[in-house]
Structures are given as C-alpha cells and as structure tokens.
Amino acid sequence: MGSPTQRTAVTAAACSVLFFIVGILIGKFAGAPEPVPAWFRGMSTDGDSKLTETLMKEIRTDNIQSDLKFFAQKPHIAGSPREEEELVTYVFSEFKKHLDSARIFSYKVLLSYPNATDPNYVAVQLENGTEVEVSAKVEKVLGQDQDDSTVVNPFNAYSRPGIVTGDLVYVNYGTIEDFLYMSRNLSMDLNGTIALARYGKIFRGDKVKHAAQFGCAGVILYSDPADYAVGGHWRVYPDDWWLPGSGVQRGSVLPVDGDPLTPFYPSIDSAYYLDQKEISVLSAIPVTPIGYDDAIRYLRLLAGPDVPSTWRGQLNVTYRHGPGFTAPHDNSKMKLYVQTYSEKRITKNVIGYIRGQYEPDRYVLIGNHRDAWVFGAVDPSSGTSAMMELARAFGKLLKEGWRPRRSIMFCNWGAEEHGLIGSTEWVEELIKTLGNRAVAYLNVDIAVEGNATLIAAATPNLYKLLCESAKKVENPNPEEVARGRKTVFDTWLANSPSHYDPALPQIDSIGSGSDYTAFLQIAGIPCTDIRYTYSQAYKISSYPLYHSAYETFGLVSGLMDKGFKYHQAVARLWGVMAKTLADKVLLDLDCTQYASKLERIVRDIKANYGALLEKNDVTLDGLVKAVDEFKKAAGDLQTMTETVDVTNPLEVRRLNDQLMEVERAFIDPLGIFGRPWYRHTIFAPSQHDAYGSSSFPGLTDALFDIENDKDQVKRWEAVKKEVSVAAFTIHSAAGVMKDVNDIGGLNTN
C-alpha cells in the first residue's frame with residue numbers, strides 16, 4: 001500500500017488537481033452571468049402589442065364581403081348537401097391553408113325538416129269540412145337573390161306532426177304570464193284550443209311549452225309588425241329591412257340543447273341512442289309559423305273580449321282574445337296541418353388550430369355556427385365570414401414569425417339552429433379535456449344585425465377584457481367619429497351606459513340561444529357573445545328579417561353594412577380579445593368584477609323577494625357571507641396577479657389555473673332546480689325563456705309564482721335548499737382563489 005510519505009504525496013497531488021478544477025469552475029461561473037435564454041425571456045414576456053395593430057389592419061372588408069357572398073349564395077340548412085359537404089370542405093381547406101392544422105368532427109344526430117311535397121298550413125274549417133282562408137305554404141319571392149328551389153318551406157323544427165282543429169285563441173307573446181292572465185284573470189279554459197302567438201320576447205319553444213301546459217291542442221306563430229315592421233310597415237324588404245307580410249320566421253322549438261337522442265353524452269360511434277318515441281322533450285303539440293298577411297285574416301274573425309292595450313300589435317284590426325270566431329264563422333274551427341318530420345343525419349364541426357408556443361395545452365376558443373334556415377346572410381354568415389377573415393389574418397401573422405403563448409382554436413359549428421347541436425356534442429365528447437384546459441370561449445353568432453352600436457353578453461370575469469379591447473378598435477361609423485367617439489367602446493358607452501356605473505357600458509348576463517351555452521353550462525368556461533346591433537330606439541324583438549327567406553346577401557350589402565366596416569370592427573374586436581388571452585403571461589380574467597356582480601344579484605333578490613323571504617323565515621345571511629368571502633378572495637387574487645414574479649413559470653401557471661378554475665367552481669354536477677342539463681348555479685337560461693338569462697337560476701325558479709303553489713311547505717323547503725346551494729357554490733368558488741396553502745381555512749396566518 002506504500003509508505004505514509006508516499007500516501008501523503010499522492011493525497012496532496014489529488015487535492016491540487018481538485019482545487020485546480022474547482023478554481024476553473026469558480027472562474028467560469030463567478031464572472032459575468034450567462035445571458036437569459038431567448039425562450040425563457042419569451043415565456044416571461046407578454047406578446048408584442050404592436051402585432052395587435054398589425055392584426056387589426058390585416059382584417060379586410062373586401063375579403064369579408066367575398067366570403068359572405070359565397071356563404072349566403074344558396075340555402076344551407078343543417079344536414080343538407082351544401083351545408084355538410086360544400087361549406088364544410090371550404091372551411092376545412094381555408095383553415096388548413098392559413099392555420100397550423102384542421103380537423104372535422106362528425107356526429108349522427110336527430111334533425112328536423114318540413115315535408116317538401118306536403119307543406120304545413122293553417123286554415124279556417126267550415127262546419128261542412130271546407131277549408132277557407134288557407135295560409136300561404138311558401139314565402140313569396142321578392143328579390144332575385146332569394147329565388148332558389150332549395151329554400152325550405154316555413155316550419156318549426158321538432159314540431160309534433162299532426163292535424164288538429166279547435167277554437168282559436170290569441171295569447172299575445174305566449175309568455176307564462178300571458179297564459180296565467182288568461183287562465184286566472186279571464187277564467188278561460190284553453191283545453192283543446194289552438195293558440196295564436198306572436199313571435200318575440202321569449203324563445204319560441206317556450207311559447208309552445210306553455211301552450212301545451214295549459215291544454216292547447218296546437219300553436220300558430222306569427223311575426224307582428226309591432227315587433228318586426230315598426231314605423232309604417234308599408235316600406236319593407238326589398239326596399240327596406242322591415243319584414244313584409246309574406247315573411248315567415250323559421251326556428252326550432254326543441255327545449256333542450258344537443259342531440260335529443262343522446263342526452264348528456266356525445267353522438268359518436270359508440271353512443272347509445274334513445275328511440276325517438278322515448279324522447280319526452282320533443283314538442284307535445286303541432287306548431288307552425290305564418291306571415292302577418294295571413295295572421296290578420298284570422299285575427300279579424302276572432303270573437304271574445306278586446307285584449308289589454310299591452311297585448312295589441314300594429315295590424316289594422318281589433319285584437320280580441322277569442323275563443324272562436326264571430327259570425328258567419330261562429331261554428332267554424334281553426335285547422336292546423338303539420339307534416340314536419342325528424343330523421344338522423346350527419347352534422348360536422350370544423351376546428352382549426354394554432355399551436356401555442358409555451359402553453360399549447362391552454363386553449364382560447366373562438367366560434368360561430370355555419371348552418372342557416374335559408375340563406376342566412378345575417379344569422380350566421382355575417383359571423384362566419386368575419387371568422388374566416390380573422391383566421392386568414394392570424395395565419396398571416398404566423399407566416400411572418402408570430403406564435404401565441406397559448407393555443408387558439410377556430411370552431412365552425414354545425415346544426416346550431418336546430419338546438420346548438422354541433423357545439424353541444426363536441427363539448428360533451430371533449431369535456432374532460434376542455435374542463436381542464438380551456439381558457440375562454442368567444443362567440444360571434446351574428447357579426448352584424450344593425451349598424452348602431454356594439455352589444456355584448458359575458459361572464460363577469462371577461463367584462464374588463466371586453467371593454468379594454470373595444471377601446472382599441474376604430475369606430476366604423478364616421479358620424480360617430482365626428483362626434484368625438486373614436487372607438488367602438490365610445491359609441492357602445494354612449495348608447496347603453498351601465499345602470500350601476502355610467503363609466504362602463506351595459507354588458508348583459510349570458511343565458512342561452514347560441515353556441516356558448518355548452519361551454520358555460522357543461523364545462524364552466526368563461527364566455528362572451530358580441531355583435532353590432534340596431535338602434536335601441538327600435539323596440540323590436542330582433543332584426544326584422546330574422547330566419548326568413550329574405551335574409552340575403554343583398555340585404556346585408558345593400559341596406560345593413562354597405563362597406564362591411566361593421567363586420568370588420570366586430571372581427572377586429574374578436575381578434576383583439578383572442579390575441580390578448582393567448583399572448584399575455586397572466587390571463588386577463590378579472591374575478592373582482594364577478595364579486596361585484598354577485599353583490600348586485602343579492603341586492604336585487606333582497607329588493608324583489610326580501611319581504612316574502614322574511615315572512616317565510618328564509619334568511620340570506622349565509623349567501624351574503626359567501627359573497628363577502630368571494631369578494632375578499634377575488635381581491636387577494638387580483639393583488640397576487642399584480643405582484644407575482646412573472647419570471648417564475650410555476651407561480652404564473654398556478655395563478656392562471658386559479659383564474660380559470662373560478663368559473664368551473666360554479667358548476668353543480670347535479671344541475672339546477674328541475675333542469676339537470678343546465679349546471680351553472682349563477683347564470684342559466686330563464687325557466688320560462690331559454691333566450692333570457694336568470695341569475696341564481698335555481699333560486700329564481702324555486703321562487704317563481706310561489707304564492708300560488710298549493711303545497712307551500714314543499715316549495716319553501718325548495719327555496720331554502722336553493723339558498724343553501726347558492727351559498728355553498730360561491731363559498732367553493734372563493735376557495736379556489738385563495739392561497740394554495742389555505743385548504744378549507746387551514747391557513748390561519
């Protein structure tokens with residue numbers, strides 16, 4: 001082993017070598033620091049804000065116009081060859097051309113159609129069976145661009161087929177309050193009658209549901225000039241945008257979202273399909289729409305007392321309740337003939353992808369549907385053409401070297417008009433993925449339904465992003481610019497200031513009626529829906545030619561948006577919001593706005609129901625406490641986002657996950673009171689109007705008309721339960737915003 005002297009020499013030599021190596025290492029790393037890698041700097045830095053301006057400038061009106069002309073050139077009802085073959089192929093090829101990739105998702109679903117050779121109609125049936133005053137079975141051709149053999153005859157999708165006769169009754173808008181008035185105030189027995197209801201105010205399917213609930217044998221829907229041709233309905237399409245008397249609004253009456261054959265599950269190859277006879281949600285009674293040229297003929301014949309002033313439309317006739325007709329038709333009946341049918345067909349969603357550079361597993365989704373009842377130049381093709389141009393503009397940025405931090409998905413849905421079917425089936429199929437990864441869903445069903453101002457609906461965590469993005473978009477109206485309103489935000493604020501803060505525009509609560517529904521109600525994903533709309537001075541139910549054969553390219557290009565500047569403005573706003581969410585290190589989701597909204601909702605409940613709740617020993621103390629807890633947690637989380645070290649990717653990821661999880665926390669897997677297909681406990685469609693939004697929907701449903709319920713004990717117990725559910729859910733949402741060490745209040749420091 002050698003002598004001690006030798007071992008000492010070897011050890012000394014080894015130590016010298018070791019010290020030499022350490023010295024080299026110290027010299028290397030103790031000098032000037034190595035530069036931070038470019039990928040790390042990029043990961044810790046917001047995307048280039050100058051590219052937002054580049055994106056907006058790239059969005060061109062001529063491209064939007066060209067696309068709209070293509071989409072609205074021919075009818076494209078869901079499941080038709082043009083919609084599912086030609087348009088799907090076009091969208092897919094454009095996404096492939098401009099984006100990183102694209103994919104088609106197919107679903108076999110139940111769709112509904114009118115019988116082309118045996119059209120629906122209504123008529124007065126005399127005692128001897130003769131039919132008189134027969135309604136038009138097709139819409140009259142009024143413009144060259146709507147003369148097409150593939151136009152489907154007027155119908156209401158998912159109506160029960162049948163031939164029924166009965167006394168006619170006029171039920172105003174067919175709201176639940178209208179039916180309660182006839183039943184309670186007029187003591188009218190509606191069993192076996194046929195209800196004539198005007199379109200507007202609420203979802204058409206709820207009109208049919210209410211009629212069936214009160215015993216009606218059928219429903220006739222029509223568009224009254226008071227709602228669709230105000231200001232003198234003699235100037236109508238094609239000379240103006242008002243609905244002519246021959247115009248008929250089509251639309252679905254399906255009361256649930258998605259394929260009714262596969263409730264809660266996607267209609268994929270492995271799906272279990274219900275038998276059509278088992279579907280309880282389909283219309284219980286026949287229903288069909290007519291134009292007001294026909295409606296006035298039946299209203300003129302109606303017997304019974306005059307209606308209240310608020311029930312009167314603008315037809316030149318005395319509006320009466322019925323039931324039945326006056327002489328010489330007092331022994332005649334109203335006949336309703338409906339041959340609508342349903343069958344399984346394929347619907348397709350086309351999804352285009354831009355892959356994120358640093359967080360490819362976080363998705364910013366933008367969407368619009370493709371199908372239309374007829375030409376659909378407004379609904380949905382104004383939105384479709386805007387999205388196609390937005391995809392092209394984003395693709396141009398990609399080609400020039402830009403790549404977002406997070407992934408962006410462009411979603412082109414099928415079968416929305418029948419009942420949000422394409423988007424619902426997709427969310428049901430991908431719920432596990434979307435529930436963990438989706439940042440937000442930005443919807444544009446219609447880009448332009450008027451040229452007065454922007455309107456928007458959103459979950460409160462997107463309020464700030466909406467407003468700040470609108471401030472960046474140039475005002476498309478030169479008259480507004482001349483008034484000093486240079487941006488879309490300025491005109492929006494001037495037209496509809498918020499009732500709680502005049503410095504902010506009104507942003508509506510989000511209900512249903514478009515493709516954001518599944519994202520919010522199933523997955524708990526923040527959502528918004530934006531569009532340019534008509535002047536709010538018009539007290540109308542929608543843009544006048546809604547879902548008619550007169551909703552053509554000529555209408556849009558000649559009357560609504562001649563230079564396509566309003567389409568461009570919506571596409572720009574859409575793009576700014578998407579790019580901001582995809583490019584900023586910290587997500588632009590503001591939970592403090594949610595806290596303020598919850599406080600306003602509780603105040604409204606106290607104002608509307610406080611005395612009644614107190615009378616029945618129901619306290620809102622737990623709900624108030626939960627909202628206070630949520631407000632504090634939201635404020636603390638906001639402070640953390642302002643002070644976090646953005647160069648720490650794990651801290652950034654944690655905070656962003658918390659911001660995303662707040663919306664998820666409002667989802668109740670059991671669904672809300674009596675409606676398990678809606679699961680968001682803060683916002684859901686109204687029980688009696690699927691188009692309207694209801695705040696604290698479970699509680700609101702439980703309180704509706706409660707004083708007239710025969711079982712008061714049971715109903716008030718339901719109210720107490722819903723107060724408890726709302727309080728618990730808000731408490732849970734507060735929990736996801738708290739410090740990660742504070743699990744259930746364990747962190748007491």
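Right, let's walk through the structure included here.

Thresholds applied
Residues numbered from 1 in each chain as written. Predicted model: local features only at pLDDT ≥ 70, side-chain atom pairs only at ≥ 80, totals over all residues. Heavy atoms only, no water. Helix = DSSP H or I, 4+ residues; strand = E, 2+ residues; numbered from the N terminus. Rg over C-alpha atoms; globule rule 2.2 N^0.38 Å. Buried < 20%, exposed > 50% of the residue type's maximum accessible area, 1.4 Å probe, protein only. Contact = heavy atoms within 4.5 Å. Areas by Shrake-Rupley, 256 points an atom, 1.4 Å probe, with all protein chains shown as cover. Pairing = 2+ DSSP bridges. Axes fitted to C-alpha atoms, helices over the stretch in contact; angles between N-to-C directions. Core = buried A, V, L, I, M, F, W, Y, C linked by side-chain atoms within 4.5 Å.

## Side note on the overall build of the protein
Move 1: Within the protein, the regular secondary structure consists of 24 helices and 19 strands.
Move 2: Relative to a compact globule of 749 residues, whose C-alpha radius of gyration would be 27 Å, the protein shows 30 Å and is just as compact.
Move 3: C-alpha extents for the protein along the principal axes are approximately 135 × 65 × 60 Å.
Move 4: Out of the 749 residues belonging to the protein, those deemed buried represent 57%.
Move 5: Once local pairs closer than 6 in sequence are excluded, the contacts in the protein between residues at least 24 apart make up 79%.
Move 6: With an accessible surface of roughly 30,600 Å², the protein has 52% of that area assigned to carbon and sulfur atoms.

## Notes on the sheet that holds strand S15 (residues 438-443)
Move 1: Strand order in the open sheet formed by seven strands is S1-S12-S14-S13-S15-S17-S16, with mixed pairing between adjacent strands. Taken across any chain shown, the strands that pair with only one partner, and hence form the sheet edges, are strand S1 (101-113) and strand S16 (453-458). Neighbour to neighbour, the strand axes of the sheet diverge by 20° on average, direction disregarded.
Move 2: In terms of strand pairing, S16 meets strand S17 (residues 527-533) through six bridges, oriented antiparallel. Within S17, the residue paired with Leu454 across the bridge is Tyr532.
Move 3: Here helix H19 (residues 565-583) sits on the sheet and contacts strand S13 (359-369), strand S14 (406-413), S15, S16 and S17; the angle it forms with S17, its principal contact strand, is near 160°.

## Considerations on helix H18 (residues 553-560)
Move 1: Here H18 has its buried residues at Phe553, Leu555, Val556, Ser557 and Met560.
Move 2: Where H18 is buried, its residues touch helix H4 (61-71) and H19.

## A few points about the nonpolar core
Move 1: Phe410 and Phe630 are the most contacted members of the largest nonpolar core, which totals 177 residues.
Move 2: Ranked by residue count, the leading element in this core is H19, at 11 residues.
Move 3: Within the second largest apolar cluster, 45 residues are counted, among which are Phe105, Tyr158, Phe519 and Ala549.

So, to be careful, I would describe these as geometric facts and stop short of saying anything about function.
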